[in-house]
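One letter stands for each residue in the lines below.
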Amino acid sequence: MATLWGGLLRLGSLLSLSCLALSVLLLVQLSDAAKNFEDVRCKCICPPYKENSGHIYNKNISQKDCDCLHVVDPMPVRGPDVEAYCLRCECKYEERSSVTIKVTIIIYLSILGLLLLYMVYLTLVEPILKRRLFGHSQLIQSDDDVGDHQPFANAHDVLARSRSRANVLNKVEYAQQRWKLQVQEQRKSVFDRHVVLS
């Protein structure tokens, strides 16, 4: 039993360390990407003009210089067509905050890591704790003792007797047992109807 607990603790710490390492790695990559791209840019979308196909131009310049003449480089047309070409282009100045993006991604990954740890707790640790606190035989009753329609009828009594758990956890456990009972009743009703229709 002690080796199982040790293994579960090592697994939990390994998962949390891997989530932390993934967050740090992503942060480093985002900071490298932020060095390549500025937080401000001018974006010009130019539609097809004569024999030239449409194109999107991006340039890191100030807001006052955000127009076709400063952004479109090289200019695909020459001479008097430049003005006509630039009138068709739509230029927009765009700003973004790479720090906000980084923080948002780190928060998202942290929440995802916590949910992963909670899933590991629910699948591995909680059943072991239940067996240890309540005893394996108290929650699983035979059909003769309780009946087919109420397999978890005494779950609330078992939870009420437990003084080591907080009241909120008792309520959650009771709701979970009630939900399991409802699901089993629905299954029984569906299978009974299926047998009647067959």
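Residues numbered from 1 in each chain as written. Predicted model: local features only at pLDDT ≥ 70, side-chain atom pairs only at ≥ 80, totals over all residues. Heavy atoms only, no water.

- The name given to the protein in an unreviewed UniProt entry is TMEM9 domain family member B, and the organism recorded there is Propithecus coquereli.
- Check the Sequence similarities (unreviewed entry) section of the UniProt entry for the protein; it says "Belongs to the TMEM9 family."
- For the protein, the Subcellular location (unreviewed entry) comment in UniProt is given as "Membrane". (UniProt positions renumbered as here; feature names shortened; annotations may be inferred.)

**Concerning the overall build of the protein**
Argument step 1. Within the protein, the regular secondary structure consists of eight helices and three strands.
Argument step 2. Order of helices (α) and strands (β) in the protein, N terminus to C terminus: α-β-β-α-α-β-α-α-α-α-α.
Argument step 3. When burial is assessed residue by residue, the protein has 23% of its 198 residues classed as buried.
Argument step 4. For the protein, the proportion of contacts with a sequence separation of at least 24, taken over those separated by at least 6, is 61%.
Argument step 5. Put simply, the protein shows about 14,400 Å² of open surface, and 61% of that area lies on carbon and sulfur atoms. (Helix = DSSP H or I, 4+ residues; strand = E, 2+ residues; numbered from the N terminus. Buried < 20%, exposed > 50% of the residue type's maximum accessible area, 1.4 Å probe, protein only. Contact = heavy atoms within 4.5 Å. Areas by Shrake-Rupley, 256 points an atom, 1.4 Å probe, with all protein chains shown as cover.)

**Quick word on the nonpolar core**
Argument step 1. Formed by 16 residues in total, the largest nonpolar core has its most connected members in Tyr 57, Val 72, Met 75 and Tyr 85.
Argument step 2. Of all the secondary structure elements, the ones that give two or more residues to this core are β1 (40-46), α2 (68-71) and α3 (81-88).
Argument step 3. Sequence-distant contacts of Tyr 85, defined by excluding residues within four places in its chain, comprise Cys 46, Pro 47, Tyr 49, Tyr 57, Val 72, Met 75, Pro 76 and Val 77. (Core = buried A, V, L, I, M, F, W, Y, C linked by side-chain atoms within 4.5 Å.)

**Observations regarding a nonpolar patch on the surface**
Argument step 1. There is a patch of nonpolar side chains on the surface, built from Val 99, Val 103, Ile 107, Ile 111 and Leu 115 and spanning about 460 Å² of accessible area.
Argument step 2. Along the chain, Ile 111 falls in helix α4 (residues 98-134).
Argument step 3. Taking relative accessible area as the criterion, Ile 111 reaches 47% and is therefore assigned partly exposed. (Patch = residues over 30% accessible without salt bridge, like charges linked within 9 Å, V, L, I, M, F, W, Y side chains within 5 Å. Salt bridge = Lys/Arg side-chain N within 4 Å of Asp/Glu carboxyl O.)

**Remarks on α3**
Because each turn of an α-helix spans 3.6 residues, side chains separated by three or four positions in sequence point in the same direction.
Argument step 1. For α3, the set of buried residues is Val 82, Tyr 85 and Cys 86. The arc that holds the buried residues of α3, viewed along the axis, is 95°, so those residues lie on one side. More than 90 degrees from the buried face of α3, the exposed residues found are Glu 83 and Leu 87.
Argument step 2. Buried residues in α3 make contact with β1, β2 (55-59) and α2. (Arc of directions from axis to C-beta.)

**Points about unusual backbone geometry**
Argument step 1. Cis geometry marks the peptide bond from Asp 73 to Pro 74, where omega comes out at 0°.
Argument step 2. Position of Pro 74 among the secondary structure elements: in the loop between α2 and α3.
Argument step 3. You will see that Lys 50, though not glycine, has its phi angle at about 50°, which is positive.
Argument step 4. When its relative accessible area of 59% is taken as the criterion, Lys 50 is described as exposed.

**Regarding the sheet that holds β2**
Argument step 1. Ordered in space as β2-β1-β3, the three strands form an open sheet in which the pairing is antiparallel. Among the strands making up the open sheet, the edge pair consists of β2 and β3 (90-95). The average angle at which neighbouring strand axes cross in this sheet is 20°, direction not considered.
Argument step 2. Pairing of β1 with β3 involves six bridges; the strand directions are antiparallel. Looking at β3, one finds that Lys 43 is bridged to Lys 92. (Pairing = 2+ DSSP bridges. Axes fitted to C-alpha atoms, helices over the stretch in contact; angles between N-to-C directions.)

**Looking at the state of the cysteines**
Argument step 1. With the rule as written, the count across this model stands at four disulfides.
Argument step 2. The disulfide that involves Cys 42 links it to Cys 66, with 2.0 Å between the sulfurs. Where Cys 42 bonds to Cys 66 through sulfur, the torsion about that S-S bond is close to 75°, and the disulfide is right-handed. Of this pair, Cys 42 sits in strand β1 while Cys 66 sits in the loop between β2 and α2; the two residues are 24 residues apart in sequence, bridging distant segments of the chain.
Argument step 3. Overall, the relative accessible area of 0% leaves Cys 42 in the buried class. (Disulfide = S-S within 2.5 Å.)

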